[in-house]
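# Structural description and commentary
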Amino acid sequence: MAAADLTRNAVDVLPKEDLERKLRLGRPLRVKLGIDATSPDIHLGFAYVLDRERTEIRFNGEWLGELSYAEVVRLARTITVARILERDDFAKRFSAHEPISISELLYPLMQAYDSVAIEADIEIGGTDQLYNLLTGRDVMADYELDPQVVMTYPLLVGVDGEEKMSKSRGNYVGINDPPEEMFGKTMSIPDSALPQWWEMLVDDETHPADPMEWKLELARRIVRRWHGEEGARHGEAHFTRVVREHQAPEEIPEAALPDGDPVHLPALLVEHLGVPSTSEARRLIGQGGVRVDGETVSDLDVPRSLLDGAVIQAGKRRFMRFRAA
């Protein structure tokens, strides 16, 4: 395979000549992709193209947990404080006299040591990881290993249209989201995000001229990719009924009310309606985004009798009927 085929959507390929050289080695290359395992969700911003038969999953605790103090000191000698402070966020915080912990300074080194441990040929990541990936090259060279080639790719903006898609920010579309959730989230992106989403998620140079039709087609294709044609039809029908026509969905899941009276509504939203945190639930309630049988609620604690048999709506797309056990 030619390097051009591998780098079509890449932002950085450093150094390009090393990639060409490695492709001529005549053996499979070890391509490292670091994943944050603190959440089980994979969202649209990841590359979900891995061949399970050829993918090796490793947890860096295997080697980082075995490092002795002497080995950590040896690793720390591979880079200077001045070089670490070249990283943009560190440089800004240092200039602003904001605190930077030693553990933060060590993080790029530990990520680099991952590449040493698995002897990576290539490491791929988002453009925000460029510094850390290049640190991996320097550390590998110090350990007398052939330094990895660094390849970065654009960061998909989240549904808010402002920050990168992120599990921690809650602005993501999970590939395991149900069709109606996936369709609705895609339809919620601002028009300004349409070109990037289309370019990164749809392999087609043409698109509808009207922004609404463009967004609808984008949502259809995304849902179809993960849930098939039937899922795409279901997602669009749900969106039309609930968001456009302001009706409740035809099928509403049910759950048992928790014990106690009154019921703490934020906890209920987190446990059953997919709201990511109680603080987010309180914010949603405060903004009038939660309804009980169509009526907006503002209280955090609601009488149990009011919720028995009622349909709770959180935001535009989440519905659940609750009944007393």
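By convention here, each chain's residues receive numbers from 1 onward along its written sequence. Restriction of local features to residues with pLDDT of at least 70 applies here, the model being predicted, together with a cutoff of 80 or more for giving and counting side-chain atom pairs; totals for whole chains, interfaces and linings are based on all residues. Hydrogens and waters are ignored; side-chain quantities use all the structure's heavy atoms.

## What to know about helix α13 (residues 278–286)
What counts is decided by this rule: When accessible area is computed with a 1.4 Å probe and restricted to protein chains, residues below 20% of their type maximum are described as buried, those above 50% as exposed, and intermediate ones as partly exposed. Note on conventions: DSSP H or I runs of at least 4 residues are helices, E runs of at least 2 residues are strands, and numbering of each starts at the N terminus. The directions from the helix axis to the C-beta atoms form the arc being described. Residue contacts follow a heavy-atom distance rule, with two residues in contact if any of their heavy atoms lie within 4.5 Å.
Those residues of α13 lying buried are Ala 281, Leu 284 and Ile 285. Buried residues in α13, looked at end-on, bunch into an arc of 100°, giving them a common side. Close packing links the buried residues of α13 with α12 (265–272), β7 (290–292) and β10 (311–314).

## Re the pattern of salt bridges
Spelled out, the test is: When a carboxyl oxygen of Asp or Glu lies within 4 Å of a side-chain nitrogen of Lys or Arg, that pair is called a salt bridge.
The final tally for this structure, using the stated rule, is 31 salt bridges. Two residues, Asp 142 and Arg 74, come together in a salt bridge whose shortest N-O distance is 2.7 Å. Here the residue Asp 142 occupies a position in helix α8 (residues 130–142), and Arg 74 occupies one in helix α4 (residues 69–76), the gap between them amounting to 68 residues. Exposure remark for Asp 142: the relative accessible area of 37% places this residue in the partly exposed category. One salt bridge in this structure joins Glu 104 and Arg 93, with 2.8 Å as the shortest N-O distance. A residue pair is termed long-range when its members are at least 10 positions apart, and Glu 104 in helix α7 (residues 102–118) and Arg 93 in helix α6 (residues 88–95) qualify at eleven residues. By relative accessible area, Glu 104 is classed as partly exposed at 28%. Several salt bridges converge on common partners, so that one network encompasses Asp 18, Arg 21, Lys 22, Arg 27, Asp 121, Arg 137 and Asp 146.

## Here we look at the side chain of Lys 22
Position of Lys 22 among the secondary structure elements: in helix α2 (residues 16–23). Each residue touching Lys 22, except ones within four places of it in the same chain, is listed here: Leu 29, Asp 121, Asp 146, Pro 147 and Val 149.

## Focus: the pairing of strand β11 (residues 318–323)
Applicable threshold: Here a strand pair is declared whenever DSSP counts at least two bridges between the two strands.
As judged from the three bridges shared by strand β5 (residues 254–256) and β11, these two strands associate in the parallel manner. Note that in β11 the partner of Ala 256 across the bridge is Arg 323. Sheet topology note: the β10/β11 ladder contains four bridges and is antiparallel. Within β11, the residue paired with Ile 312 across the bridge is Met 320.

## A word on helix α11 (residues 211–244)
The cut-off we apply is this: The span you would expect from a helix comes to 1.5 Å times its residue count less one. A residue's bend is the angle separating two fitted axes: one through the seven residues that end there, the other through the seven that start there. Polar contact is the term for a pair of N or O atoms within 3.5 Å; when the atoms are in protein, one must be able to donate a hydrogen and the other to accept it, and sequence-neighboring residues count only if both atoms are side-chain atoms.
Here α11 is 34 residues long, yet its end C-alpha atoms lie only 16 Å apart, well below the 50 Å a rise of 1.5 Å per residue gives. Along α11, the largest kink reaches about 135° and is centred on His 227. Regarding α11, its N-cap is Asp 210, as a side-chain oxygen of that residue lies 3.2 Å from the backbone nitrogen of Met 212 further along. In the segment just after α11, His 246 is the residue with positive phi, at about 55°.

## Re the packing of aromatic side chains
Under the convention used in this document: Note on ring pairs: Phe, Tyr and Trp rings are taken, using the six-membered ring of Trp, and paired if centres are within 6.5 Å. Classes follow the plane angle, with under 30 degrees stacked, over 60 edge-to-face and the rest tilted.
Within this structure, the stated rule accounts for three aromatic pairs. With centroids separated by 5.8 Å and ring planes inclined at 70°, the aromatic side chains of Tyr 113 and Tyr 143 adopt a geometry described as edge-to-face. On the criterion of sequence distance, the pair formed by Tyr 113 in helix α7 and Tyr 143 in the loop between α8 and β4 (149–153) is long-range, its members being 30 residues apart. Residue class for Tyr 113 comes out buried when judged on its relative accessible area of 16%.

## Section: the environment of Val 202
Within the fold, Val 202 resides in the loop between α10 (194–201) and α11. Taking the relative accessible area as the measure of exposure, Val 202 reaches 8% and is therefore buried. A sequence separation of 101 residues divides Val 202 from Pro 303, and the C-alpha atoms of the two residues are 47 Å apart. Val 202 has contacts with Trp 197, Leu 218 and Arg 221, leaving out every residue within four places of it along the chain.

## Describing unusual backbone geometry
For the bond from Leu 14 to Pro 15, the omega torsion is -15°, close enough to zero to count as cis. Structurally, Pro 15 is set in the loop between β1 (12–14) and α2. Backbone torsion omega between Asp 261 and Pro 262 reads 5°, so that peptide bond is classified as cis. When you line up the elements, Pro 262 lands in the loop between β5 and β6 (263–264). A positive phi angle is found at Asp 293, which is not glycine, with a value near 50°. Summarising the element assignment, Asp 293 is placed in the loop between β7 and β8 (295–296).

## Description of the pairing of β10
By the alternation rule, side chains of β10 split into Val 311 and Gln 313 and Ile 312 and Ala 314, which are all buried. The pairing of β7 with β10 spans three bridges and is classified as antiparallel. Within β10, the residue paired with Val 290 across the bridge is Ala 314. The hairpin turn running from β10 into β11, its antiparallel successor, is three residues long, and Gly 315 in that turn takes a positive phi close to 70°.

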